[in-house]
Amino acid sequence: SVGNLLGSVYVGRRDIRFSRRLVTWCVALIAALFAWMAVPIGLPFSQSLAAVQLFAACALIGLTCSFINITSSVFIQRIVPGELLGRVGGLISMANMFISPVGTLLFGTLADHIHPSLILVACSVCMFVVAFYCRRLTSLDGPAASVSQ
C-alpha cells in the first residue's frame, strides 16, 4: 500500500497518458518484480534480507499498478458514453473483486504441490508474454488516452 499511495500521488500530479507503451512497460516491470520475488523464496537468504527484498518488491508492484489503474480509469471514463459509465464501472469492479479470491485460491492450491518460487517465475513469464502482446495493441493509443483535463 506504500507503493500504491506514492504512485497515486505521482500520477495525480503528472500528465501521464494511458498508452500501449505505459501498459507494456508497467506489465514488464511487474513481471520482473515477480521474478525478483522468487529469488529469496527459492534460494537460501537471511530472513531479514528476504523480508526487505519482498517488501521492496511489493511496494514497487503497488507503485507500478497505480500507474495502470489510475490512467486506465480515466481512459475508460473518456471512451464510454455517460449513460453506460455506471454499468461498465460496475462490471470492471465486479471482475476485479472476483479475480482476487480466485487468484488466491489458485496460487494457494498450486503452492501445496509446486514450490512458490516456481509459481512466481511462471507468473513472470506469462506477464512478459502479455507485455509483448501489449506492444502490438494500437487500440490503446489515441486522443482519449490522455489523463490531463
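What counts as what
Just so you know, the residues in each chain are numbered from 1, in the order the chain's sequence is written. Local features in a predicted model are, by the rule used here, given only for residues with pLDDT of at least 70; side-chain atom pairs are given and counted only at 80 or more, and totals for whole chains, interfaces and linings are based on all residues. Excluding hydrogens and water, the side-chain values take into account all heavy atoms of the structure. What is meant by a nonpolar core is a set of buried Ala, Val, Leu, Ile, Met, Phe, Trp, Tyr and Cys residues, joined one to another through side-chain atoms within 4.5 Å. Categorising residues by exposure relies on relative accessible area from a 1.4 Å probe, with only protein chains included: less than 20% of the type maximum marks a residue as buried, more than 50% marks it as exposed, and the intermediate range marks it as partly exposed. Secondary structure elements are defined from DSSP: runs of H or I of at least 4 residues count as helices, runs of E of at least 2 residues count as strands, and each element is numbered from the N terminus. Patch definition: residues with relative accessible area over 30% and no salt bridge; like charges joined within 9 Å; nonpolar side chains (Val, Leu, Ile, Met, Phe, Trp, Tyr) joined within 5 Å. Only the protein chains shown count as cover for residues, and the accessible areas themselves come from Shrake-Rupley with a 1.4 Å probe. The rule for a salt bridge is simple: a side-chain nitrogen of Lys or Arg has to be within 4 Å of a carboxyl oxygen of Asp or Glu. Here a polar contact is recorded for every N or O atom pair within 3.5 Å, except that within protein the pair must consist of a potential hydrogen donor and a potential acceptor, and residues adjacent in sequence are included only if both atoms are side-chain atoms. We call two residues in contact when some of their heavy atoms are within 4.5 Å.

**Q** Honestly, the nonpolar core in this entry has me stumped. Any pointers?
**A** A general trend in soluble globular proteins is that nonpolar side chains are found buried together. Core analysis: the largest hydrophobic core is formed by 13 residues, its most contacted members being Phe18, Leu22 and Phe67. Within the residue set of this core, elements represented by two or more residues are helix 2 (20–42), helix 3 (47–79) and helix 5 (116–134). Ranked by residues supplied to this core, first place goes to helix 2 with five residues. Among the nonpolar cores identified, the runner-up in size contains six residues, and Leu33, Met37, Ala38 and Ile61 belong to it.

**Q** Help me out: how do you make sense of a nonpolar patch on the surface in this one?
**A** Judged by side-chain polarity, Leu106, Leu110, Ile114 and Leu118 come together as a nonpolar surface patch covering roughly 350 Å² of accessible area. Within the fold, Ile114 resides in the loop between helix 4 (85–111) and helix 5. According to the relative accessible area criterion, Ile114 is partly exposed, its value standing at 35%.

**Q** What is the right way to look at the side chain of Thr24 in this model?
**A** One can find Thr24 in helix 2. The exposure class assigned to Thr24 is buried, which follows from its relative accessible area of 11%. Of the polar contacts made by the side chain of Thr24, one reaches the backbone oxygen of Arg20; its length is 2.6 Å. For Thr24, the residues in contact, after removing those within four places along its chain, are Ala131, Cys134 and Arg135.

**Q** How should I be thinking about the side chain of Ser66 in this particular structure?
**A** With respect to the element layout, Ser66 can be found in helix 3. The exposure class assigned to Ser66 is buried, which follows from its relative accessible area of 3%. Within the structure, the side chain of Ser66 is placed 2.6 Å from the backbone oxygen of Leu63, a separation counted as a polar contact. Excluding anything up to four places from it in sequence, Ser66 contacts Gly3, Asn4, Gly7, Ser8 and Val11.

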